[in-house]
Amino acid sequence: MPAEAAEASPATGPLRHLVLPVEGMSCASCVGRVERALAALPGARDVAVNLATGTASLRLPETADPAAVPETIRAAGYDVPETVTRIGIEGMSCASCSARVERVLNGLPGVTQAAVNLTTGRAEIRHAGGFPSREAIEAAIRTAGYEPRAVEEGASDDRAARQAREAQRLRRDTVVAALLTLPIVVLDMGGHLVPGFHDLVGQGLGEGGTVLQALLATLVLAIPGRRFFAAGLPGLLREHPDMNALVALGSGAAYLYSLVSTIAPDWLPPGTAHLYFEASAVIVTLILLGRLLEARTKGRTGAAITRLIDLTPKTARVLRGATEQDVPIAALRLGDIVRVRPGERVAADGIVVAGASYVDESMVSGEPVPVGKKPGDRTIGGTLNTSGSLDLRVDRTGADTMLAQIVRLVEAAQGGKLPIQALVDRVTLWFVPAVMAVSGLTFLAWLAFGPSPALGQALVAAVAVLIVACPCAMGLATPTSILVGTGRAAERGVLFREGAALQALQDVKVVAFDKTGTLTEGHPRLTDLILAEGVTRAQALALAGAIESRSEHPIARAVVAAARDQAIALPPVEAFAAEAGFGVSGQMDGRSVAIGARRFMERLGIATEGFAAASDDLARQGRSPLYLASDGKIAALFAVADPIKAEARGAVAAIRAGGRRVALITGDGRATAEAVARELGIEDIVAEVLPGGKVEALKSLRSAHGPVAFVGDGINDAPALAEADVGIAMGTGTDIAVESADVVLMTGRTTGVAEALTLSRAVMANIRQNLFWAFAYNVALIPVAAGLPAALGGPLFSPALAAGAMALSSLFVLGNALRLRRAGAAA
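Criteria and thresholds
- Residues numbered from 1 in each chain as written.
- Predicted model: local features only at pLDDT ≥ 70, side-chain atom pairs only at ≥ 80, totals over all residues.
- Heavy atoms only, no water.
- UniProt positions renumbered as here; feature names shortened; annotations may be inferred.
- Helix = DSSP H or I, 4+ residues; strand = E, 2+ residues; numbered from the N terminus.
- Buried < 20%, exposed > 50% of the residue type's maximum accessible area, 1.4 Å probe, protein only.
- Contact = heavy atoms within 4.5 Å.
- Areas by Shrake-Rupley, 256 points an atom, 1.4 Å probe, with all protein chains shown as cover.
- Pairing = 2+ DSSP bridges.
- Axes fitted to C-alpha atoms, helices over the stretch in contact; angles between N-to-C directions.
- Parallel < 35°, antiparallel > 145°, perpendicular 65-115°, else oblique.
- Left-handed = near helix turned anticlockwise from the far one by under 90°.
- Nonpolar A, V, L, I, M, F, W, Y, C, P; charged D, E, K, R; others polar.
- Expected span 1.5 Å × (residues − 1).
- Arc of directions from axis to C-beta.
- Patch = residues over 30% accessible without salt bridge, like charges linked within 9 Å, V, L, I, M, F, W, Y side chains within 5 Å.
- Salt bridge = Lys/Arg side-chain N within 4 Å of Asp/Glu carboxyl O.

Going by the annotation in an unreviewed UniProt entry, the name recorded for the protein is Copper-transporting P-type ATPase, with Methylobacterium organophilum given as the source organism. Quoted verbatim from the Sequence similarities (unreviewed entry) field of the UniProt record, the comment on the protein reads "Belongs to the cation transport ATPase (P-type) (TC 3.A.3) family. Type IB subfamily."

Looking only at helices and strands, the protein has 29 helices and 30 strands in total. The buried share of the protein, reckoned over its 827 residues, is 53%. Nonlocal contacts in the protein, meaning residues at least 24 apart in sequence, comprise 68% of its contacts between residues at least 6 apart. When the accessible area of the protein is evaluated, it comes to approximately 34500 Å², of which 58% is carbon and sulfur surface.

Take the pairing of strand 11 (residues 337-340) next. Burial along strand 11 is one-sided: Val338 and Val340 are buried, and none of Ile337 and Arg339, which face the opposite way, are. As paired strands, strand 9 (residues 315-320) and strand 11 are joined by two bridges and run antiparallel to one another. Bridging from a neighbouring strand, Val318 pairs with Val338 of strand 11. Two elements, strand 11 and strand 17 (residues 390-396), share four bridges in a ladder whose sense is antiparallel. Across the sheet, Val338 pairs through a bridge with Leu392, a residue of strand 17.

Quick look at the UniProt feature "transmembrane region" (unreviewed entry) in the protein now. Those places that UniProt annotates as "transmembrane region" (unreviewed entry) correspond, in this numbering, to residues 175-194, 200-223, 244-263, 275-293, 427-449, 455-478, 771-790 and 796-818. For residues 244-263, helix accounts for 100% and strand for 0%, while the C-alpha atoms at its two ends are 27 Å apart. Between the C-alpha atoms that bound residues 275-293 the distance is 29 Å, and the span itself is 89% helix and 0% strand.

Their axes nearest at 8 Å, the elements helix 18 (residues 537-548) and helix 19 (residues 554-565) cross at an angle of 130 degrees. In terms of orientation, helix 18 lies oblique with respect to helix 19. Where helix 18 crosses over helix 19, the handedness of that crossing is left-handed. Counting all contacts with helix 18, which are made through Leu541, Ala544, Gly545 and Glu548, the residues of helix 19 involved are Ala556, Val559, Val560, Ala562 and Ala563. Of the residues that constitute the contact of helix 18 with helix 19, the class distribution is seven nonpolar, one polar and one charged.

Before going further, it helps to examine helix 21 (residues 609-620). For helix 21, which comprises twelve residues, the first-to-last C-alpha distance of 17 Å matches the rise-based estimate of 16 Å (1.5 Å per residue) to within 8%. Residues of helix 21 that are buried: Phe611, Ala612, Ser615, Leu618 and Ala619. Seen end-on, helix 21 carries its buried residues on one side only, within an arc spanning 135 degrees. Looking at helix 21, the residues exposed on the side facing more than 90 degrees away from the buried face are Ala613 and Arg620. Buried residues along helix 21 sit in contact with strand 20 (525-531), helix 20 (598-604), strand 24 (624-630), strand 25 (633-641) and helix 23 (670-680). The positive-phi residue at the C-terminal boundary of helix 21 is Gly622, with phi of around 85 degrees.

Another point: the pairing of strand 12 (residues 349-355). Judged from the six bridges that link them, strand 12 and strand 17 form a sheet pairing that is antiparallel. Along strand 17, the bridge assignment pairs Gly350 with Val394.

Quick look at a nonpolar patch on the surface now. On the surface, a nonpolar cluster with roughly 330 Å² of combined accessible area is contributed by Leu212, Leu215, Leu219 and Ile223. Within the secondary structure, Leu212 is located in helix 7 (residues 208-222). Take Leu212: its relative accessible area is 34%, and that puts it in the partly exposed class.

This part takes up the sheet that holds strand 5 (residues 82-90). In spatial order, the strands read 6-7-5-8; together these four strands make up an open sheet with antiparallel pairing. Both outer strands of the open sheet, strand 6 (111-117) and strand 8 (147-149), are each paired with one neighbouring strand and no more. Mean inter-strand twist for the sheet, computed between neighbouring axes without regard to direction, equals 30 degrees. Pairing between strand 5 and strand 7 (residues 122-128): seven bridges, direction antiparallel. Paired with Thr83 across the two strands is His127, which belongs to strand 7. Along the sheet, helix 4 (residues 134-143) contacts strand 5, strand 7 and strand 8; its crossing angle with strand 5, the most-contacted strand, is approximately 35 degrees.

Okay, structure coming up:
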């Protein structure tokens, strides 16, 4: 288990105890090699390597660099695997907060990359297994001035609960601040609105009016405004100021100046003893109101995933013998038989064992048409059973269910960082110190050049600069768009495995498709069977069906289905072998049998001339010809047709309408590929390629046209999915293909590609709009807050107006991001 602890040693001083996982050791000599390498490190003590547990432990002086440990192990020829630690962070309020935590975490020994997301309040740290320990990571976060907390995978519901609690606290503080601030505003501003009001207050309260303002302002800053000082002043003392520091400085300066004007006006230059209690209280109230509205809006940004989680029923009706029992979902076990009645949500992932019904799976696929279910069909937990009753056998529970996997994928994408965020991070890291410097210069400039008495005006302008320039909007610009966009994509059946795919997809110039299962249904059927002399149909189907029954390829399933439809017994197969892109072979009943493309026969040295013309004719009709050979001679020619998906033509047209090229890359023969391409309007065709050839084809397309996306669904598509700038896998395909992809289409519909492209463009456009607003807003309003209009004869920008404008900036960014909830119609 990873560990990192410190202890004292009289000889070498404090020691750090490290325990790291080691991969690649296979024998005692491996253990000895790693131990000798580690023992050679300066100051290393108590080195021990355990082959059974695959770990290495040692003690190093506190002054030694722990990063040398994994480097030493790797230099010895073994590996220390990277791990990912996810941890929640409380107390972050703006982009400078997240940037500061990120910088601290990236500075920890052993950390290769740390990403902090302001919107989700989470950090994802990639580091060598074993160190830094979680305790060290949490200590670093506390050193930065924030509080770490544990997070669980798929804990969006926990995040929603925390957001609700924070919104409740903000609501309470906002109400308290408003009730305390209102009398101050009335006392201070009443004279400007009602003639004679100040004289009336002076006659009734005398000096008590000023004392009442001071008392109420003190309560505002001490109770609801305490959060800004508690979080901002420690950061200021550590020379890492954030938004809270700006608010604390601004409201605090206005309050203290007013307090001095009230208690000791002689300390100030003549004519400058003005009161700004109203400004200090209004700043706190308006910023709390802005945060409250922001918290409510943030809650809506993650609503898509929360809705997905809420779809899972809390209980399941399990059959125990002849009785039905309601049990909590968490108590379900593999193999349980669960009954789902009409109108109920499916309790778990499983296989239908009895009954028939139609199930609404739109929460996963985005498709509104219910899907028919019968014995043998799969069910997905959380989907809605619309009509009949179903009994299903549970085969996935907990974190293994499809819904849990979807939530994990979306949360990973929402917590990720886009390359465009790097610019924002660099700016916001220095933004708050720069604002404080501008505020200081503003104060000095007004003192030096402002009309007498200038002290009050200098204070107002400096405080307004501090408040108006908060970088909240900049910090929210990117993550909120990702949060809403990926949630919307999930509702449409498009899963981005990482946020960066959103940005990469918008730059794609070519979309390359595999054919089988992607543009076609993936459920081919046998259309033709041409027999060699002396071979019967039953014999050919028996040989072909038996050997293809060992293959996972859709075309193989078509041959097997044809054999079984005619109740032909399939003989056992021995020495089965599959060659990707060529065919399969094996032994049965003492015969050597092979089935595959013409190139497979040529490789085996089997002549195909007698069937070549028929093969070419079938290929021109868009069918896939397969040769069956027995003992070195052609026994039959099969033709399999895979119907093109009904929506494929529209999807290809939509992609082309977006200005992108469409290519077809397939292992099928050229004639078959050309027939499909003609029907769909695809201009670029690469046919008769092996899996490795698909990779080369993608490289060629990239060099000719630019970034390439590849769409596939089979095991043989995995290399191409990994090679493409963006890999898009059909969720109906193999697990290997899905794991190799950047984007997963849960529907298996080709229109999902167009939807992914549309969502990518929408999200990136939204991010650019947000960033433009956030940067332009600050650039425009800082000079205004500093007093440029007043210097030209206009009014001075009030700190209260600055607080309102700052809140408006964040709300604009959040509101703009929420527009993405309506995005996603196919391009």
